[in-house]
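# Residue-level structure breakdown
Here are the chains, one letter per residue:
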Amino acid sequence: QVQLVESGGGLVQPGGSLRLSCAASGSFFSIYAMGWYRQAPGKQRDLVAAISRADSTNYADSVKGRFTISRDNAKNTMYLQMDSLKPEDTAVYYCNANLRRVAWERRSDYWGQGTQVTVSS
C-alpha cells in the first residue's frame, strides 16, 4: 500500500513563509513526477508546482518567484517552500506522485490527504 503524507501546513500572516513536506511510504518500484496542487473552497484543484525525477520544475504563474519545489529521491520526499505568502494562497494543498508499484506495472497517480494553509492577519 502506497501512502503520501503531507505536513507543514498552518496559519501564517501575509508575507510569511511555510514549508510543506510530502513523504511517500509503502512498497513501490519508482516515483516519477511529483507535484503540489491546491484547492480553495468552491474552486477546482489546480497545479501549483511540479518536479520531475531529474529535478526539472514548473510553476503556476501565480506562485513563480515565491514558491520553490524540491525533492529528495533518497528519502522519497518532496517539499514546497512558500515565501511571501498572500491571502489568495489560502487553500488545502495536496501532494501528488506518479509512480510504479512494481517494475512491470503501468504508472499511476497517488494523492495525499491534504494539508490546510491559511494566510490571514
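Presented here is a report on the structure given in the accompanying data block.

In this section: the packing of aromatic side chains. Aromatic rings in a pair are described by how distant their centres are and how their planes are angled relative to each other. For the structure shown, the criterion picks out one aromatic pair. Between Tyr37 and Trp111 the ring centres are 4.9 Å apart and the planes differ by 65°, which places this aromatic pair in the edge-to-face class. With Tyr37 in strand β4 (residues 30–39) and Trp111 in strand β10 (residues 108–111), this pair connects stretches of sequence that are 74 residues apart. Overall, Tyr37 belongs to the partly exposed group, its relative accessible area being 22%. Above the face of the Tyr94 ring, Arg45 is positioned so that its terminal group lies 3.6 Å from the ring centre. One residue, Arg45, lies across the ring of Trp111, its end atom 4.8 Å from the ring centre.

This part is about the side chain of Arg38. Along the chain, Arg38 turns up in strand β4. At 3.3 Å, the side chain of Arg38 and the side chain of Ser62 are in polar contact. In terms of polar contacts, Arg38 uses its side chain to reach the side chain of Tyr93, at 2.9 Å. Not counting residues within four places of it along the chain, the set of residues in contact with Arg38 comprises Gln44, Arg45, Asp46, Val48, Ser62, Val63, Phe67, Glu88, Asp89, Ala91, Val92 and Tyr93.

Calculation notes
Residues numbered from 1 in each chain as written. Predicted model: local features only at pLDDT ≥ 70, side-chain atom pairs only at ≥ 80, totals over all residues. Heavy atoms only, no water. Phe/Tyr/Trp six-rings, centres within 6.5 Å; stacked < 30°, edge-to-face > 60°. Helix = DSSP H or I, 4+ residues; strand = E, 2+ residues; numbered from the N terminus. Buried < 20%, exposed > 50% of the residue type's maximum accessible area, 1.4 Å probe, protein only. Lys NZ or Arg CZ within 6 Å of the ring centre and 35° of its normal. Polar contact = N/O pair within 3.5 Å; in protein donor to acceptor, adjacent residues only side chain to side chain. Contact = heavy atoms within 4.5 Å.

Purely geometric stuff here, so don't read any function into it on its own.
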